[in-house]
Amino acid sequence: MTDIDVTIKALGAKGDGVAETDGGAIFVPFAAPGDLVNIRVNKSKDGRRRGKVLSVTEAGPDRHPAACEHFTQCGGCSVQHLTPASYQSWKREIVCQALKRQNLDTAIVANLITGSVGERRRARLSARRLAGGTILGFFEMGSHRIVNLEQCPVLHSDITSIFPALRSLLDELLEVRSAAEVAVTRSDTGLDITLLMPGETDLTVRETLATFAETNDVARISWKPLQPKAGDDAEPIVARRSVAMKFGDIQTEIPPDAFIQPTSWGEQVLCENVMAAVNGADKVVELFAGCGAFALPIAMSGSQVFAVDLAQDHLGALSRTARSNGLGERIKVEARNLDRRPLAGPELDGLDVVVLDPPRAGASAQAGLLANSAIPTIVYISCNPQSFARDARKLIDGGYELESVLPIDQFLWSPHVELVSVFRSS
Ligand SMILES: C[S@@+](CC[C@H](N)C(=O)[O-])C[C@H]1O[C@@H](n2cnc3c(N)ncnc32)[C@H](O)[C@@H]1O
């Protein structure tokens, strides 16, 4: 361990400041470009040299006061210490760097669209019951210690304001030293809470949950094993009213712990871009469709939609909503693992548009097959620029042109960035 003075030259993809020294690069969390900092240098397991800021001797022009008292301890945010301009160009650059690594043009990458504080409408929190009470929050960076959150400016206040009540609930439900997770979604009809718990429910637990839901006006509480096996779905224990989200103009009842976009403005921007690219086309396939955030508005505008997803409960919600809104003939669904069985051969014939929105791993097998198809337009939404760039390379090698890339910042102050892109067959 050595203590040295360094100047931060740039920010890495995870938000660490990067200092160049004779001994190579040193990654310094929570340092901003231009900062002169005194750091303690450690070698981490991956062989990279990391520095811990001991003091900021001189703040650089990009440094900005952090918004949260837990910043630098809580692993949820890595970059609250940047000016908005520096933050936005850093996030756009994450997308550009991923494209560059695949020798793809970055001139078409638009400026980042970013949100504001208090807009995240879902969170997965970790909890541990200690002798003195339950701690609840996110993990510390690079550790399994939980930061007991007093505040979180990123999350909607409806979520953070229930933290004290959740702690008291878990004090009752958890044995000392046991752990749990809590998934909270702020739906349009109230909070939807899924408890991922070590034990099972009995009558007393159910009564406790019913009282909790009543006292705190929670729409639904579900229960799921902390280490679920295949087929272990969340069981709704208390359902005081239906849990619904509006996709476009359509109210959709969502299952417990469903995937929904993290912010409503983000979903809207994504949807507007999807709709503009679909542009009233006849035959649309949506892969990784979830509960239908895009499939429902697309069908509403007149297209025939074939929606595919792995999650049966999400597709069930989509189908029920389609039927009850007179779209039953316009939306067909199939539950299918697209990594193992991507759409292929005749399934890709005669389509006008494919929309895909895969999880972080991307859609490597599917992209390979789409690359050799004759589908005029492909809209690719991604939450991981690295896997996106890999799949984009395949599409471009197959003859597609990358027309636009719009980075969207739904995970404020984290290194995560999403994007919506349009490919056209050339
Ligand atoms: C990023 S979400 C997108 C959902 C939807 N487009 C939305 O915006 O609400 C990814 C979706 O992919 C689904 N998924 C994950 N792995 C899959 C796989 N191997 N095959 C098919 N669907 C998968 C998940 O169930 C989830 O609904």
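Residues numbered from 1 in each chain as written. Predicted model: local features only at pLDDT ≥ 70, side-chain atom pairs only at ≥ 80, totals over all residues. Heavy atoms only, no water.

Turning our eyes to something else, we now look at the overall build of the protein chain. Within the protein chain, the regular secondary structure consists of nine helices and 22 strands. Its C-alpha radius of gyration of 23 Å places the protein chain within 12% of the 22 Å reference for a compact globule of 426 residues. The buried share of the protein chain, reckoned over its 426 residues, is 52%. The distance from the centre of the 44 positive side-chain charges to the centre of the 52 negative ones in the protein chain is 4 Å. (Helix = DSSP H or I, 4+ residues; strand = E, 2+ residues; numbered from the N terminus. Rg over C-alpha atoms; globule rule 2.2 N^0.38 Å. Buried < 20%, exposed > 50% of the residue type's maximum accessible area, 1.4 Å probe, protein only. Lys, Arg positive; Asp, Glu negative; His and termini not counted. Charge placed at Lys NZ, Arg CZ, Asp CG, Glu CD.)

With that out of the way, let us pick up helix α4 (residues 203-216). Taking 1.5 Å as the rise per residue, α4 with 14 residues should run 20 Å; its terminal C-alpha atoms sit 20 Å apart, in good agreement. Listed in full, the buried residues belonging to α4 are Val205, Thr208, Leu209, Phe212 and Ala213. The buried side chains of α4 occupy one side of the element, clustering within an arc of 135° when seen end-on. Facing away from the buried side of α4 by over 90 degrees, the exposed positions are Leu203, Thr204, Thr211, Glu214 and Thr215. Those residues of α4 that are buried are in contact with α3 (163-173), β11 (190-197), β12 (220-225) and β13 (235-239). (Expected span 1.5 Å × (residues − 1). Arc of directions from axis to C-beta. Contact = heavy atoms within 4.5 Å.)

With a probe scaled to a water molecule rolled over the atoms, the places where space remains empty come into view. Taken as a whole, this structure holds one cavity of 30 Å³ or more when the rule is applied. Put simply, the largest cavity is a space of about 50 Å³. Around the largest cavity sit Gly115, Ser116, Glu119, Arg120, Val154, Thr263, Trp265, Asp409, Gln410, Phe411 and Leu412, which together line it. When its residues are assigned to classes, the lining of the largest cavity shows four nonpolar, four polar and three charged. (1 Å grid on protein atoms, 1.4 Å probe; cavity = no way out; pocket = protein on both sides within 12 Å on 5 of 7 lines; lining within 4 Å. Points joined across faces, edges and corners; volume = space filled by probe spheres on them. Nonpolar A, V, L, I, M, F, W, Y, C, P; charged D, E, K, R; others polar.)

In the vicinity of the ligand there are 18 residues, among which Gln261, Asp309, Asn337, Leu338 and Asp357 approach most closely. Between the ligand and glutamine 261, the relevant distance is 2.7 Å, taken from an oxygen atom to a side-chain nitrogen or oxygen of the residue. Interatomic distance of 2.7 Å between a side-chain N/O atom of aspartate 309 and an oxygen atom of the ligand. Coverage of the ligand by the protein amounts to 89% of the 600 Å² it exposes when considered alone. Its residues assigned to classes, the shell around the ligand shows ten nonpolar, three polar and five charged. (Near = heavy atom within 4 Å. Polar contact = N/O pair within 3.5 Å; in protein donor to acceptor, adjacent residues only side chain to side chain. Areas by Shrake-Rupley, 256 points an atom, 1.4 Å probe, with all protein chains shown as cover.)

Moving on to unusual backbone geometry. With a phi angle near 65°, phenylalanine 30 is a residue other than glycine that sits in the positive phi range. Looking at where phenylalanine 30 falls in the secondary structure, it is placed in the loop between β4 (24-28) and β5 (36-43). Judged by its relative accessible area of 17%, phenylalanine 30 is buried. At arginine 177, a position not held by glycine, the phi torsion is positive, near 80°. Its place among the elements puts arginine 177 in the loop between α3 and β10 (179-187).

One face of the sheet, then the other: side chains in a regular strand alternate in exactly this way. Across six bridges, strand β1 (residues 2-7) lies against β5 in antiparallel orientation. Bridging from a neighbouring strand, valine 6 pairs with valine 37 of β5. Sheet topology note: the β5/strand β6 (residues 49-58) ladder contains eight bridges and is antiparallel. Residue pairing in the sheet places asparagine 42 in a bridge with arginine 50 of β6. Here β5 folds back onto β6 in antiparallel fashion, the turn holding five residues, of which glycine 47 has a positive phi close to 85°. (Pairing = 2+ DSSP bridges.)

Another point: the nonpolar core. In globular proteins that are soluble, nonpolar side chains generally tend to be buried together. Judged by nonpolar contacts, the single largest core of 81 residues is most densely connected at Leu195 and Leu209. Beyond its immediate chain neighbours, meaning those up to four positions away, leucine 195 contacts Leu169, Leu173, Glu181, Val182, Leu209, Ile221, Ser222, Trp223 and Lys224. Formed by 41 residues, the second largest nonpolar core is a distinct cluster that contains Val284, Val305, Ala307 and Leu315. (Core = buried A, V, L, I, M, F, W, Y, C linked by side-chain atoms within 4.5 Å.)

What follows concerns the layout of surface pockets. Size it by volume and the second largest pocket reaches roughly 620 Å³. Taken together, 17 residues line the second largest pocket, and the ones lying closest to its centre are Pro29, Phe30, Lys52, Thr72 and Met141. Here the lining of the second largest pocket takes five residues from β6, the largest share from any one element. When the residues that make up the lining of the second largest pocket are grouped by side-chain class, the tally is five nonpolar, seven polar and five charged.

Mapping isoleucine 113 onto the fold places it in strand β7 (residues 113-114). The sequence separation of isoleucine 113 and arginine 360 amounts to 247 residues, and the corresponding C-alpha distance is 20 Å. In contact with isoleucine 113, not counting residues within four places along its chain, are Trp265, Val269, Leu406, Pro407, Ile408 and Asp409.

Further remarks concern the domain arrangement of the protein chain. Assigned domains of the protein chain: these are domain 1 (2-63), domain 2 (91-116 + 247-425) and domain 3 (122-187 + 190-241). Look at where the C-alpha atoms of domain 1 and domain 3 centre, and you get two points 37 Å apart. (Domains from an automatic or database assignment.)

What follows is about the sheet that holds strand β3 (residues 17-21). Read from one edge to the other, the open sheet built from six strands follows the order β1-β5-β6-β4-β3-β2, with strand pairing classed as mixed. What marks the edges here is a single partner per strand, and that holds for β1 and β2 (10-11).

Once that is clear, we can look at the sheet that holds strand β22 (residues 418-425). Across the sheet, eight strands lie side by side as β7-β21-β22-β20-β19-β16-β17-β18; this open sheet has mixed pairing. For this open sheet the edge positions go to β7 and β18 (331-335), each flanked by a neighbour on one side alone. Sheet topology note: the strand β17 (residues 304-309)/β18 ladder contains five bridges and is parallel. Across the sheet, the residue bridging to alanine 307 is valine 333, located in β18. Sheet strands in contact with helix α1 (residues 84-101) are β7, β21 (400-409) and β22, and its direction is about 145° off that of β21. (Axes fitted to C-alpha atoms, helices over the stretch in contact; angles between N-to-C directions.)

What follows concerns the pattern of salt bridges. Under the counting rule described, the total for this entry stands at 22 salt bridges. Between arginine 124 and glutamate 181 there is a salt bridge, with its nearest N and O atoms 3.0 Å apart. Taken together, the positions of arginine 124 in strand β8 (residues 122-130) and glutamate 181 in strand β10 put the pair 57 residues apart, joining distant regions of the chain. A residue is classified by how much of its surface remains accessible, and arginine 124, at 40% relative accessible area, is partly exposed. Classification of glutamate 181 as partly exposed rests on a relative accessible area of 26%. The salt bridge involving aspartate 391 is made with arginine 390; its shortest N-O contact spans 2.9 Å. According to the relative accessible area criterion, arginine 390 is partly exposed, its value standing at 29%. Salt bridges sharing partners connect three or more residues here, namely Glu214, Asp217, Arg240 and Arg241. (Salt bridge = Lys/Arg side-chain N within 4 Å of Asp/Glu carboxyl O.)

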